[in-house]
Amino acid sequence: MAKTIFITGASRGFGKLWAEALLQRGDKVVATARNLSTLDDLVNKYGDNILPLQLDVNDRAADFAAINKAKEHFGSIDVLINNAGYGLFGSVEETTEQEAREQMETNFFGLLWLSQAVLPVMREQGYGHIIQLSSVLGLVTLPVLGLYNASKFAVEGLSETLAAEVKGFGINVSLIEPNGFATDWAGASAAQTVAMPEYDAVRAAFQAGLNDTDIFGVPEATTDAVLKLIDTENPPLRLFLGKHAHPWVKQTYEGRAAEWESWSEISAAAHGK
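Residues numbered from 1 in each chain as written. Predicted model: local features only at pLDDT ≥ 70, side-chain atom pairs only at ≥ 80, totals over all residues. Heavy atoms only, no water.

Peer 1: Mind showing me how you'd approach the packing of aromatic side chains here?
Peer 2: In this description, an aromatic ring pair is defined by two values, namely the gap between the centres and the angle between the planes. Summed over the entire model, instances satisfying the criterion amount to five aromatic pairs. An angle of 10 degrees between the planes, with centres 4.8 Å apart, marks the rings of Phe14 and Trp18 as stacked. Note that Phe14 and Trp18 are positioned in helix H1 (residues 13-24) at a spacing of four residues, about one turn of the helix. For the pair Phe14 and Trp18, a shared accessibility class is recorded, and that class is buried. Here the aromatic residues Phe14, Trp18 and Phe181 are joined through ring pairs into a cluster of three or more. Positioned over the ring face of Phe169 is Arg123, at 5.7 Å from the centre of the ring. Sitting over the face of the ring of Tyr253, Arg256 holds its NZ or CZ atom 4.6 Å from the ring centroid. (Phe/Tyr/Trp six-rings, centres within 6.5 Å; stacked < 30°, edge-to-face > 60°. Helix = DSSP H or I, 4+ residues; strand = E, 2+ residues; numbered from the N terminus. Buried < 20%, exposed > 50% of the residue type's maximum accessible area, 1.4 Å probe, protein only. Lys NZ or Arg CZ within 6 Å of the ring centre and 35° of its normal.)

This is the structure we're talking about:
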C-alpha cells in the first residue's frame, strides 16, 4: 500500500536516491532541499506524486510550516526521514564556535525540530515512523570528525529516548547507521576547519585510512534495506548499513566493556553505601 514519506536533504546523496526509489514504487514523497532546482528531474518524472519544498532545516518555524503543508497536501505523513546533514572535518581544537554551532544546528537541532513538528500529525493518525539518519560515528569515533561525532551521538541519545516516549502512540523511531559510502558526503557536502600544523600527523593518518576503497559502500545498494525498514511492521530501533559498521562497533563495545569491568570495584565503591 502506498505511503506518504517526508524526506529532508533530498537534493543529492542518500536523500535523492531514496526519494526516487520511493517514487518509483508508487509512494508519495515530500522532498525538501535548500535549492528546489535540484529536484526538477524528479518533479518532471513523477509529477503529482512528489511535493518539492524549499527548506533550511535550521529554521524551526519553517520546519513546522513544511510539515503542515505536507499534511494539507497529501492528507497524512506516514514516514519522516530526517536525512539532511553534513560532515565537518577538522580537529576539536581547530573548530571555531560558529563551525561547531552550525554543525549541531543542522545535524541535531534540524532533526529535533522536524521530529517535534511531525509528532502531532502522527499522534492524531495513531501511527507513524520517524527515521533518523545517524551514522556508525554516532556509536564510535574517528579523529578529525569530533563535532560530527558529537552531533550523531546526540541524535542517538535523543532518538532512543523519543522511541520510548512515543511507542504508546503507535509511532516507531529508527536510527539508520551507515558506515562510509561513496557519496559526496566527504566532498562537496563537507565543511573544513582551518588546519593547524600541530594536527598534520593526525590528518595524515586519517587520510591514509581512507585509501582502501573497500571501506566505502555503494550508495545504490542501500535502497532495498531502507525500503524494508519502511515496510516492516515492527522496525528496529537501529539499523546498520554496510558491512564494516557492525564488526567495528562490536569490537569497540567489547573494549569498553572490558575497561568498565576493570574499574568496576572502584566504580561501586564510589556509590558510598
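Picking up where we left off.
Peer 1: What is the right way to read the pairing of strand E2 (residues 28-33) from this model?
Peer 2: The two faces of a sheet get side chains in turn, since along a regular strand they alternate between them. Of all six residues making up E2, five are buried, and the element is well covered by its neighbours. Sheet topology note: the strand E1 (residues 4-7)/E2 ladder contains four bridges and is parallel. Bridging across to E2, Ile5 finds its partner in Val29. In the classification by handedness, the crossover that spans E1, the intervening H1 and the parallel E2 is right-handed. The handedness of the E2 to strand E3 (residues 50-54) crossover, carried by helix H2 (residues 40-46), is right-handed. (Pairing = 2+ DSSP bridges. Right-handed = clockwise from strand over helix to strand, strands pointing away.)

Peer 1: I would appreciate a short explanation of the environment of Thr183 in the present structure.
Peer 2: Structurally, Thr183 can be placed in the loop between strand E7 (171-178) and strand E8 (191-192). Judged by relative accessible area, which is 24%, Thr183 ranks as partly exposed. Placed 145 residues apart in sequence, Thr183 and Thr38 show a C-alpha to C-alpha distance of 16 Å. Not counting residues up to four positions away in its chain, the partners in contact with Thr183 are Phe14 and Pro219. (Contact = heavy atoms within 4.5 Å.)

Peer 1: What should I look at first to understand the sheet that holds E3 in this one?
Peer 2: By way of backbone hydrogen bonds, the strands of a sheet pair with one another, either parallel or antiparallel. Read from one edge of the open sheet, seven strands run E3-E2-E1-E4-E6-E7-E9, paired in parallel fashion. Of all strands in the sheet, those with a lone pairing partner are E3 and strand E9 (238-241), marking the two edges. Direction aside, neighbouring strands of the sheet carry axes that sit 15 degrees apart on average. Where E1 and strand E4 (residues 79-82) come together, three bridges link them in parallel fashion. Looking at the pairing, Phe6 lines up with Leu80 of E4. In this fold H1 packs onto E1, E2, E3, E4, strand E6 (128-133), E7 and E9, with an angle of close to 170 degrees to the strand it touches most, E1. (Axes fitted to C-alpha atoms, helices over the stretch in contact; angles between N-to-C directions.)

Peer 1: Quick question: what am I supposed to make of the side chain of Glu99 here?
Peer 2: Among the structural elements, Glu99 can be located in helix H4 (residues 97-125). Put simply, Glu99 is tucked away with no salt bridge, and the nearest opposite charge, on Arg203, sits 11 Å away. Setting aside residues no more than four positions away along its own chain, Glu99 makes contact with Tyr86, Leu88, Glu94, Gln192 and Thr193. (Lys, Arg positive; Asp, Glu negative; His and termini not counted. Salt bridge = Lys/Arg side-chain N within 4 Å of Asp/Glu carboxyl O.)

Peer 1: Just checking my understanding: could you explain unusual backbone geometry for this structure?
Peer 2: The bulk of non-glycine residues show a negative phi, and the bulk of peptide bonds are trans. Phi at Val144 is positive, roughly 65 degrees, even though this residue is not glycine. With respect to the helices and strands, Val144 occurs in the loop between E6 and helix H5 (146-166).

Peer 1: Just checking my understanding: could you explain the packing of H4 against H5 for this structure?
Peer 2: Between two packed helices, what matters for the description is the angle formed by their axes and the separation of those axes. Here H4 crosses H5 at 15 degrees, and the two axes come no closer than 8 Å. With respect to H5, the element H4 is oriented roughly parallel. As for how H4 packs across H5, the hand of that crossing is right-handed. Contact residues: H4 offers Ala100, Gln103, Met104, Asn107, Phe108, Leu111, Leu112, Ser115 and Leu119, while H5 offers Leu147, Tyr148, Ala150, Ser151, Lys152, Ala154, Val155, Leu158, Leu162 and Val166. (Parallel < 35°, antiparallel > 145°, perpendicular 65-115°, else oblique. Left-handed = near helix turned anticlockwise from the far one by under 90°.)

Peer 1: What am I meant to see in the environment of Ala154 here?
Peer 2: Positionally, Ala154 belongs in helix H5. The exposure class assigned to Ala154 is partly exposed, which follows from its relative accessible area of 23%. Along the sequence, Ala154 and Thr183 sit 29 residues apart, while their C-alpha atoms lie 23 Å from each other. Not counting the four nearest positions on each side in its chain, Ala154 is found in contact with Met104 and Phe108.

Bear in mind that shape data such as this cannot, by itself, settle questions of function.
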